[in-house]
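Architecture at a glance
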Amino acid sequence: MDVKEKYKNYLKTKTGINQYNCFKSIIYTQNDTLVESICNIIISELENIDAISICDIGGGDGERIMKIIKYLNKHLKCTVNLDFIEQSELMCAIFKKSVPNKLIDCKINILPKEIECVKIENTYDLIFFIHSIFCLHDFKIFKRVFEHLNQNGLILVASNSHNSFIASLKEKLDVEYFGKRYEIQDLIFDLKANNVFYREIIINTSFMLGANEFNEKFSVILEWLSLGRFHNYDAYEKKRILNFAKERAKLNNDIYHIEEKEKILIIPKN
C-alpha cells in the first residue's frame, strides 16, 4: 500500500488513534511542548486583533487546537472562528464530543473530509499544518490553501526536521511501503521553487526513558511510526531497530536522553 494512504487509513481506526495519542504522550509529555512553542510564535507574530479566523488542517482529535485557542483567548482576549478539517471521521467525532457545549468566544465548524475534497470559502488569519503535511498529494493543494490566507495572515507548518531522530526511524520503517510521505524538505523545495517567502525555526523536544522501560515505551513509538506494523516484525528485526534507536540516544545513569529536532515554518501572505 502507498504510505500516504496507509497513514490516512490508520488514523481512521481506533487502534491508530490510540497509538498516535500514546506516541504524543511519550514524545511531548502531557504539557505538549510543541504547542507551547507554536503559541509563543503566534503571540510574537500577530498584532493586536479582536477576532481571529483559523483553519486547522489535519488537526486530529482537536486537542492541540483547543490548547492554542484557549491560549489566544487568555493572552489576546480575542474571539476565534475555527474551520477544523480532518479526514478521519472518528477523530472528528472525538473532537466534537470533547468540545464544551458553550466554549467562550469560539465558533467551531468541523469538516470530516480530506483537504483535497473541501471547497474552501473563508479566509484566515492563521492556518495550521501541525504534523499533517505527510499525506498531501503535492504542492498544488498547499497553493490553494495559501490563497485563502488574509493579507496579514500566517501559515504555520510543524514537522520533524529531515535530519531528526524521528525522521531517521521513519526512513527505516517506510521501506515496508511504496511511495513516500510529503515531508518538510519537500515543502521547502516547493516553496523556494514557487518564490514563496518563509522563515523557519528549529525547536528541540527532549524526553527521557529509563533503561528498564526503553524497549516497551519505544516499541509504542515505533508502532505509530510504522503505522501499525512494528508488532508484526520478527524478533531479530525488532531488536535491530530498537538498537538503532538506542545508539542515537544518550545513556546516562540508566536513563536514555532523546532529543528530537523539529522545524516550524512561518509562511506569511506578504
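For clarity, every value in this text was computed on a predicted model and none was experimentally measured.

**Overview of empty space enclosed by the protein**
On inspection of all chains with the given rule, the structure shows 1 cavity of 30 Å³ or more. Its boundaries defined by the atoms lining it, the largest cavity holds a volume of some 520 Å³. Taken together, 38 residues form the lining of the largest cavity, with Tyr7, Gly58, Ile130, His131 and Ser132 sitting closest to its centre. For the lining of the largest cavity, the element with the most residues is helix 2 (residues 14-28), which contributes 4 residues. Its residues assigned to classes, the lining of the largest cavity comprises 18 nonpolar, 7 polar and 13 charged.

**What to know about the pairing of strand 4 (residues 124-130)**
Counting buried residues in strand 4 gives 7 out of 7 residues, a clear majority hidden from the surface. Relative to strand 4, strand 1 (residues 51-57) runs parallel, the two being bridged by 3 bridges. Its bridge partner lying in strand 4, Ile54 is registered against Leu126. Strand direction decides the pairing type here: strand 4 and strand 5 (residues 149-160), joined by 6 bridges, are parallel. By the bridge assignment for strand 5, Tyr124 is matched with Leu149. Handedness of the β-α-β unit built from strand 4, helix 6 (residues 139-146) and strand 5 comes out right-handed.

**A short note on the packing of helix 2 against helix 5 (residues 89-98)**
Closest axis-to-axis distance for the helix 2/helix 5 pair is 9 Å, and the angle between their directions is 60°. The two elements helix 2 and helix 5 cross, and the hand of that crossing is right-handed. For the pair helix 2 and helix 5, contact is made by Lys14, Ile17 and Tyr20 and by Leu90, Met91 and Ile94, respectively. Its residues assigned to classes, the contact of helix 2 with helix 5 shows 5 nonpolar, no polar and 1 charged.

**Looking at the state of the cysteines**
Disulfides are covalent bonds that connect the sulfur atoms of two cysteines. Evaluated as defined, the whole model comprises 0 disulfides. Just so you know, Cys78 is unpaired, no disulfide at all, and the nearest cysteine sulfur is the one on Cys106, 9.6 Å from it. For Cys78, a relative accessible area of 1% translates into the label buried.

**Here's the deal with the side chain of Lys263**
Along the chain, Lys263 turns up in strand 8 (residues 255-268). With relative accessibility at 6%, the residue Lys263 sits in the buried group. Among the polar contacts listed, one links the side chain of Lys263 to the side chain of Gln185, at a separation of 3.3 Å. Residues in contact with Lys263, not counting those within four places in the same chain, are Val157, Ala158, Ser159, Ser161, His162, Ile184, Gln185, Ile188, Glu200, Ile201 and Ile202.

Thresholds, definitions, all that
Residue positions are given per chain, counting from 1 as you read along its sequence in written order. Where local features are concerned, this predicted model is filtered to residues with pLDDT of at least 70; where side-chain atom pairs are given and counted, the filter is 80 or more; whole-chain, interface and lining totals use all residues. The side-chain figures draw on all heavy atoms in the structure; neither hydrogens nor water molecules are used. Two kinds of site are reported from a 1 Å grid over the protein atoms alone, namely cavities, where a 1.4 Å probe fits but cannot get out, and pockets, open sets with protein on both sides within 12 Å along at least five of seven lines, and residues are called lining when an atom falls within 4 Å of a point. Grid points are joined across faces, edges and corners, and a volume is the space filled by probe spheres set on the points. To qualify as a helix, a DSSP run of H or I must reach at least 4 residues; to qualify as a strand, a run of E must reach at least 2; elements of each kind are numbered from the N terminus. Each residue receives one of three labels: charged for Asp, Glu, Lys and Arg, nonpolar for Ala, Val, Leu, Ile, Met, Phe, Trp, Tyr, Cys and Pro, and polar for the others, Gly being one of them. A simple rule labels every residue: compare its accessible area, found with a 1.4 Å probe on the protein chains alone, to the largest value its type can have, and call it buried under 20%, exposed over 50%, or partly exposed in between. What makes two strands pair is DSSP finding at least two bridges between them. For crossovers, right-handed means that the path from the first strand over the helix to the second runs clockwise, given strands pointing away from the viewer. Whenever a helix is involved, its axis is fitted only over the stretch in contact; in every case the axis is a line through C-alpha atoms, and angles between N-to-C directions fall within 0 to 180 degrees. Crossing handedness follows the turn of the near helix against the far one: under a right angle anticlockwise gives a left-handed crossing, and clockwise gives a right-handed one. We call two residues contacting when some pair of their heavy atoms lies within 4.5 Å. In this description, the term disulfide denotes a pair of cysteine sulfurs within 2.5 Å. Two N or O atoms form a polar contact when they lie within 3.5 Å of each other; inside protein one atom must be a possible hydrogen donor and the other a possible acceptor, and for residues adjacent in sequence the pair counts only when both atoms belong to side chains.

Remember that the coordinates give geometry; whether it matters functionally is a separate question.
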